[in-house]
Amino acid sequence: GQQVMQIPQYQHVQEGEDFTTYCNSSTTLSNIQWYKQRPGGHPVFLIQLVKSGEVKKQKRLTFQFGEAKKNSSLHITATQTTDVGTYFCAGPGNTGKLIFGQGTTLQVKP
Amino acid sequence: GAVVSQHPSRVICKSGTSVKIECRSLDFQATTMFWYRQFPKQSLMLMATSNEGSKATYEQGVEKDKFLINHASLTLSTLTVTSAHPEDSSFYICSAPLQGRETQYFGPGTRLLVL
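Structural notes, computed from the coordinates.

So, how was this worked out
Residues numbered from 1 in each chain as written. Chains lettered and ligands numbered in written order. Predicted model: local features only at pLDDT ≥ 70, side-chain atom pairs only at ≥ 80, totals over all residues. Heavy atoms only, no water. Buried < 20%, exposed > 50% of the residue type's maximum accessible area, 1.4 Å probe, protein only. Helix = DSSP H or I, 4+ residues; strand = E, 2+ residues; numbered from the N terminus. Pairing = 2+ DSSP bridges. Phe/Tyr/Trp six-rings, centres within 6.5 Å; stacked < 30°, edge-to-face > 60°. Lys NZ or Arg CZ within 6 Å of the ring centre and 35° of its normal. Disulfide = S-S within 2.5 Å. Contact = heavy atoms within 4.5 Å. Buried area = accessible area lost by both parts, 1.4 Å probe. Salt bridge = Lys/Arg side-chain N within 4 Å of Asp/Glu carboxyl O. Polar contact = N/O pair within 3.5 Å; in protein donor to acceptor, adjacent residues only side chain to side chain. Nonpolar A, V, L, I, M, F, W, Y, C, P; charged D, E, K, R; others polar.

### Considering the pairing of strand β7 (residues 61-65) of chain A
Reasoning step 1: With 4 of 5 residues buried, β7(A) is to be regarded as a mostly interior element.
Reasoning step 2: The turn joining strand β6 (residues 55-58) of chain A and β7(A), which pair antiparallel and follow one another in sequence, is formed by 2 residues; a positive phi near 55° is taken by A:Lys59.

Now the structure itself:
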């Protein structure tokens, strides 16, 4: 079946360092979505990418959708302690459901 | 933005009892809602798709008789964990997409602890 894989599973960085998480789908996606889940919280929608090669920025976060629409990345520049959490990518499956990656948990040391 | 609420936020129950979790879309109508389960330090696992006015669609390996889903109105879906056991202890989260959109809005989740 359709799978969405994410690496790394965990990342510890010093505050101010950059961070990147990578997402790879077993099938071509019509779009890719990114969510953030803070510790003890629920996933919150961050962004959706639709076009091949699309790049979108949200302040220090840069999201990229691959040319083949099978992979994506999220890059955070100069991490802050508020960036702590688990970042999930997700691609649409059948009947509107989302297939989530395993998530990358980011820890930021102040 | 769209708001989804869940109730209760936390529940502790004895083994063998049933627990009902409610998921409501507060400012929009949701013909479809999704129920997920998340174990500590793991990803979201889709359990079932709740469809307003029709039967829910369960993912492979999810027992439909154990996890009863009712989507009685366009703003409310309920998940009932029947005869709960300690292994059912988990974080249960619902989500709903806006009509015609693929992005989902998640409820705050329900932490279930079965003793």
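Having seen the structure, we can now continue with the description.
### So, the packing of aromatic side chains
Reasoning step 1: With the rule as written, the count across this model stands at 10 aromatic pairs over all chains.
Reasoning step 2: A centroid spacing of 5.7 Å and a plane angle of 65° characterise the contact between A:Tyr35 and A:Phe45, whose relative ring orientation is edge-to-face. Here A:Tyr35, found in strand β4 (residues 32-37), pairs with A:Phe45, found in strand β5 (residues 43-49); they are 10 residues apart in sequence, far enough to count as distant.
Reasoning step 3: Taking the relative accessible area as the measure of exposure, A:Phe45 reaches 25% and is therefore partly exposed.
Reasoning step 4: Taking 5.6 Å as the distance between ring centres and 55° as the angle between the ring planes, the aromatic pair formed by A:Tyr35 and A:Phe100 counts as tilted. In this pair, A:Tyr35 is assigned in strand β4 and A:Phe100 in strand β10 (residues 98-100), connecting sequence segments 65 residues apart. As far as burial versus exposure is concerned, A:Tyr35 and A:Phe100 are alike and both buried.
Reasoning step 5: One residue, B:Lys66, lies across the ring of B:Phe67, its end atom 5.9 Å from the ring centre.
Reasoning step 6: In this arrangement the basic side chain of B:Arg111 is found over the ring face of B:Phe91, its NZ or CZ atom lying 4.0 Å from the centre.

### Overview of the state of the cysteines
Reasoning step 1: Tallied over the entire structure, the rule returns 2 disulfides over all chains.
Reasoning step 2: Covalently, A:Cys23 is tied to A:Cys89 through a disulfide, its sulfur atoms 2.0 Å apart. Here A:Cys23 and A:Cys89 share a disulfide; its torsion about the S-S bond, 80°, makes the bridge right-handed. Of this pair, A:Cys23 sits in strand β3 (residues 19-25) while A:Cys89 sits in strand β9 (residues 85-92), and the two are 66 residues apart along the sequence.
Reasoning step 3: Classification of A:Cys23 by relative accessible area gives buried; the value is 3%.
Reasoning step 4: With a relative accessible area of 0%, A:Cys89 lands in the buried category.
Reasoning step 5: What pairs with B:Cys23 in a disulfide is B:Cys94, and their sulfur atoms sit 2.0 Å apart. Linking B:Cys23 and B:Cys94, the disulfide has an S-S dihedral of approximately 80° and is accordingly described as right-handed.

### Here we look at the interface of chain A and chain B
Reasoning step 1: Of the residues lining the interface, 22 residues belong to chain A; the matching set on chain B comes to 18 residues.
Reasoning step 2: Summed over both partners, the interface of chain A with chain B comes to about 1500 Å²; 53% of that surface belongs to carbon and sulfur atoms.
Reasoning step 3: Counting the surface chain A buries against chain B, the share from its top three residues, A:His42, A:Lys97 and A:Phe100, is 30%.
Reasoning step 4: Where chain A meets chain B, there are 1 salt bridge.
Reasoning step 5: Counting the contacts that link chain A with chain B gives 5 residue pairs in polar contact (both at pLDDT 80 or more).
Reasoning step 6: Those elements giving two or more residues to the side of chain A that touches chain B turn out to be β4, β5, β9 and β10 of chain A.
Reasoning step 7: Partitioning the side of chain A that touches chain B into residue classes produces 8 nonpolar, 13 polar and 1 charged.

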